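Here is how the chains run, residue by residue.
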Amino acid sequence: MRRTITGLLAGISMLAYGTAANAQELTIFWAEWDPANYLQELANIYESETGVKVTVETTPWSDFQTKAFTEFNAKGSAYDMVVGDSQWIGAASEAGHYVDLTDFFNKHNLKEVMAPATVKYYAEYPSNSGKYWSIPAEGDAVGWSYRKDWFEDPKEMEAFKAKYGYDLAPPKDWKQLRDIAEFFHRPDEKRYGIAIYTDNSYDALVMGVENAIFSFGGELGDYATYKVDGIINSDQNVKALEAYKELYKFTPPGWAKSFFIEDNQAITENLAAMSMNYFAFFPALVNEASNPNAKGTGFFANPAGPNGDQFAALGGQGISIVSYSQNQEEAFKFLEWFVKDETQKKWAELGGYTASAKVLESEEFQTATPYNKAFYETMFKVKDFWATPEYAELLIQMNQRLYPYITGDQGTAKEALDALAGDWNATFKKYNRPQN
Amino acid sequence: MSTLDPKSRAASRGMSDITIRNLFIIPTILFLIVFNIFPLIYSLGYSFTDFRASGKADWNFVGLQNYRELLNDPFIWSNFSITAKYVIVSVVGQVVVGFGTAMLLNRDIPMKGLITTLLLLPMMLSMAVVGLFWKLLYDPSFGIINYALGLGTFEWLSNPDMALYAVALTDIWMWSPFVMLLSLAGLSAVPKHLYEAAAIDRAGPLYTFFRITLPLVAPILMIAIIFRTMEAFKTFDLAYILTSQPTTEVISIRLYKMAFQEWQTGRSCALAYIVLIMVLAITNIYVKYLNKVKER
């Protein structure tokens with residue numbers, strides 16, 4: 001009898017051990033948006049192939065940074081991987097929250113496999129160091145949607161030409177963008193010119209303004225030397241900021257707190273002629289179930305500035321392994337699978353914006369949606385915000401200085417940018433960043 | 001058969017002072033120490049350091065540097081000024097509306113109980129729900145407030161000059177019932193014979209209000225004001241959900257951003273202590289005044 005019980009106990013414990021060994025689970029943390037749903041679909045394929053269950057846990061964008069860093073700072077193991085924002089990479093890597101993926105990156109030659117901008121902004125820190133902390137996962141950048149049906153209305157075309165002297169078409173530069181916004185701005189008809197990012201709680205307003213700054217030939221500073229004087233408050237940036245504020249005049253009423261949801265609504269609810277948004281949000285605009293104007297919606301890349309410079313603000317994220325994960329080995333296996341060509345192709349088919357250069361360059365990808373070609377072109381003209389560990393302070397300071405000028409008509413662009421240069425200098429000095 | 005009488009048995013079943021101490025007082029004291037006193041002292045220590053919860057580097061003792069920098073930061077003073085403006089508008093509004101409503105309800109009116117209960121509903125709702133609800137009401141395109149008042153596309157929340165008042169208005173709507181409830185309790189405690197005597201002396205309504213009603217209700221009204229001032233000073237959720245404008249960035253929002261978005265842990269602890277000292281000072285002034293009112 002004793003032997004029987006011992007045997008039974010041994011059998012149960014072996015069964016329990018065996019189950020635990022096979023029932024591996026991974027949790028990926030990301031923000032709440034469509035690409036996260038696509039990633040969950042991709043992860044389901046991984047589960048069917050390997051038996052490893054991967055859950056994509058999401059939280060609203062406004063909480064994403066706070067929630068992720070709260071978990072990191074507590075050295076919590078709730079998340080095995082995180083699809084973190086590009087500007088987090090300095091803070092997360094220097095604080096030891098991310099696993100160093102340099103060997104993995106080099107082993108799979110990802111510097112060549114992934115599009116250059118995605119490697120530069122989502123994976124490498126410090127710049128040009130050859131140290132990698134993420135695998136480019138969701139490529140993204142800011143683009144524009146517009147009401148093609150309004151633009152192609154013969155009466156509108158005629159009236160526009162009479163007023164501005166050139167044909168009504170998707171704008172080629174920021175001057176045309178402004179003219180078209182002004183032309184369609186008709187508050188009496190509850191129709192407005194343009195929808196831009198204005199939300200000052202995270203990076204929306206900053207990313208919106210970056211589209212103007214970069215295309216006007218400006219920069220946020222010298223990322224190698226931390227020099228900002230004469231760069232963030234340069235003449236180009238002053239003009240860019242004035243241009244962005246000018247656009248704000250043509251937004252719908254109450255537009256001072258708008259981000260991706262509102263900017264898509266501007267198109268779906270017949271509010272605005274043109275709308276700024278990340279490419280990742282465009283699938284909703286070509287879907288007739290979510291956009292009654294889907295057939296009449298067109299897309300264009302961020303227009304050029306007065307000197308022909310054409311850039312866009314980078315969105316998107318890389319996927320990193322969290323240092324405190326108890327399942328790092330299994331997480332590496334998932335990444336091995338994720339970077340395979342066929343997985344990247346599947347990722348793009350599901351709706352994710354792959355960073356794989358081969359998939360991006362393919363005819364199949366570029367013709368899959370009305371905006372994929374613009375996305376492909378934009379991804380070679382992107383620039384990003386500071387990725388230094390103190391990025392959050394820089395972001396809040398930029399919001400504090402620009403928001404009152406843009407939405408509250410307080411002060412001048414020059415004053416706002418001079419003050420911002422002062423704030424950033426003080427912050428870099430505080431953290432002993434060399435300013436040559 | 002027991003020889004003890006029922007009273008003695010009940011007494012023997014009762015708990016001794018030592019049992020009460022062991023079961024209730026010691027756990028409560030331990031709970032307070034672990035969850036209140038310890039974090040308070042710990043954060044006081046952090047406030048003298050450059051500690052960043054998100055950083056890998058060890059913290060350094062910086063003395064009063066955090067306090068000095070914060071008190072010299074014009075943004076922080078702007079946050080305090082916004083908070084003060086908000087507290088004044090919100091609390092004065094709640095006292096006027098709450099006390100006024102209590103005066104109206106302190107009469108024999110039909111369905112008084114039902115009306116009182118319905119008026120209490122706003123303060124039973126969660127702040128997040130109230131914030132989202134009022135955000136829709138204030139919407140310039142389809143909000144019912146502009147429609148009802150014929151204001152067209154007047155911007156409440158995105159107008160920097162109006163946003164703070166819009167948040168205060170929502171707070172007044174939500175918390176006036178609290179003032180009303182306390183005022184009603186105070187009003188119902190005023191002896192009726194005082195009004196009868198005033199009527200015999202042919203005292204006018206204003207004289208009766210300022211000489212009888214207000215002095216007798218003042219102590220309980222002061223308690224309502226103390227509670228509402230402390231709450232208004234700590235306001236976070238309503239302002240955060242409704243606007244997040246620079247002109248509505250009350251001190252608790254700034255504190256949250258500093259602590260959990262910028263991860264300046266030491267500095268934010270120092271700011272929390274500055275706020276704590278200010279709230280204690282204001283409350284102390286109120287309590288002193290309350291004692292004076294009671295003594296009258």
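Note: the structure precedes this text.
Attention here is on the structure that accompanies the text. All figures in this text were calculated on a predicted structure; none of them were measured in a lab.

Conventions used here
- Residues numbered from 1 in each chain as written.
- Chains lettered and ligands numbered in written order.
- Predicted model: local features only at pLDDT ≥ 70, side-chain atom pairs only at ≥ 80, totals over all residues.
- Heavy atoms only, no water.
- Helix = DSSP H or I, 4+ residues; strand = E, 2+ residues; numbered from the N terminus.
- Rg over C-alpha atoms; globule rule 2.2 N^0.38 Å.
- Buried < 20%, exposed > 50% of the residue type's maximum accessible area, 1.4 Å probe, protein only.
- Contact = heavy atoms within 4.5 Å.
- Areas by Shrake-Rupley, 256 points an atom, 1.4 Å probe, with all protein chains shown as cover.
- Lys, Arg positive; Asp, Glu negative; His and termini not counted.
- Charge placed at Lys NZ, Arg CZ, Asp CG, Glu CD.
- Core = buried A, V, L, I, M, F, W, Y, C linked by side-chain atoms within 4.5 Å.
- Buried area = accessible area lost by both parts, 1.4 Å probe.
- Salt bridge = Lys/Arg side-chain N within 4 Å of Asp/Glu carboxyl O.
- Polar contact = N/O pair within 3.5 Å; in protein donor to acceptor, adjacent residues only side chain to side chain.
- Nonpolar A, V, L, I, M, F, W, Y, C, P; charged D, E, K, R; others polar.
- Expected span 1.5 Å × (residues − 1).
- Bend = angle between axes of the 7 residues up to and from the residue.
- Axes fitted to C-alpha atoms, helices over the stretch in contact; angles between N-to-C directions.
- Parallel < 35°, antiparallel > 145°, perpendicular 65-115°, else oblique.

So, the overall build of chain B
A tally of helices and strands in chain B yields 14 helices and zero strands. Overall, chain B shows an N-to-C arrangement of helices and strands of α-α-α-α-α-α-α-α-α-α-α-α-α-α. For 296 residues, the compact-globule formula gives about 19 Å, and the C-alpha radius of gyration of chain B, at 25 Å, lies well above that figure. When its C-alpha atoms are laid out on the principal axes, chain B stretches across 80 × 75 × 40 Å. Evaluated residue by residue, chain B yields a buried proportion of 41% over its 296 residues. Across chain B, contacts joining residues at least 24 apart in sequence account for 69% of those joining residues at least 6 apart. Total accessible area on chain B stands at roughly 17,200 Å², and carbon and sulfur atoms take up 70% of it. Taking the 23 positively charged and 18 negatively charged side chains of chain B as two groups, their mean positions are separated by 7 Å.

Side note on the nonpolar core
Counting 154 residues, the largest nonpolar core has Ile 135, Phe 334, Phe 385 and Trp 424 of chain A as the members making the most contacts within it. Per-element tally for this core: the top contributor is helix 20 (residues 391–408) of chain A, with nine residues. Residues contacting Trp 424 of chain A, with those up to four places away along its chain left out, are Leu 220, Val 228, Ile 232, Phe 385, Trp 386, Leu 394, Gln 397 and Met 398 of chain A. Within the second largest apolar cluster, 57 residues are counted, among which are Tyr 67, Val 87, Leu 137 and Ile 226 of chain B.

Looking at the interface of chain A and chain B
Counting residues at the interface gives 31 residues for chain A, matched by 25 residues for chain B. Summing the contributions of chain A and of chain B, the shared interface buries around 2,300 Å²; its carbon and sulfur component is 52%. On the chain A side of the contact with chain B, Pro 253, Ile 396 and Gln 400 of chain A bury the most area, a combined 20% of that side's loss. One can count one salt bridge joining chain A with chain B. Where Glu 393 of chain A meets Arg 52 of chain B, a salt bridge forms, and the shortest distance between an N and an O atom there is 2.8 Å. Linking chain A to chain B there are five residue pairs in polar contact (both at pLDDT 80 or more). Elements that contribute at least two residues to the side of chain A that touches chain B include exactly helix 3 (61–73), helix 20 and helix 21 (413–430) of chain A. At nine residues, the largest contribution of residues to the side of chain A that touches chain B is made by helix 20 of chain A. Tallied by class, the residues present in the side of chain A that touches chain B amount to eleven nonpolar, 13 polar and seven charged.

Focus: helix 11 (residues 205–233) of chain B
Because an α-helix packs 3.6 residues into every turn, residues spaced three or four apart end up facing the same way. The end-to-end C-alpha separation of helix 11 of chain B is 35 Å, well short of the 42 Å expected for 29 residues at 1.5 Å each. The largest bend along helix 11 of chain B measures about 55 degrees and falls at Ala 218 of chain B, with the proline Pro 219 of chain B one to four residues further on.

Digging into the packing of helix 10 (residues 192–200) of chain B against helix 11 of chain B
Residues and elements named next belong to chain B. Close contact between helix 10 and helix 11 brings their axes to 11 Å; oriented N to C, the two are set at 170 degrees. Taken as axis vectors, helix 10 and helix 11 run roughly antiparallel relative to one another. The segment helix 10 lies against helix 11, with Leu 194, Tyr 195 and Ala 198 engaging Thr 208, Ile 212, Thr 213 and Leu 216. Looking at the contact of helix 10 with helix 11, its residues break down into five nonpolar, two polar and no charged.

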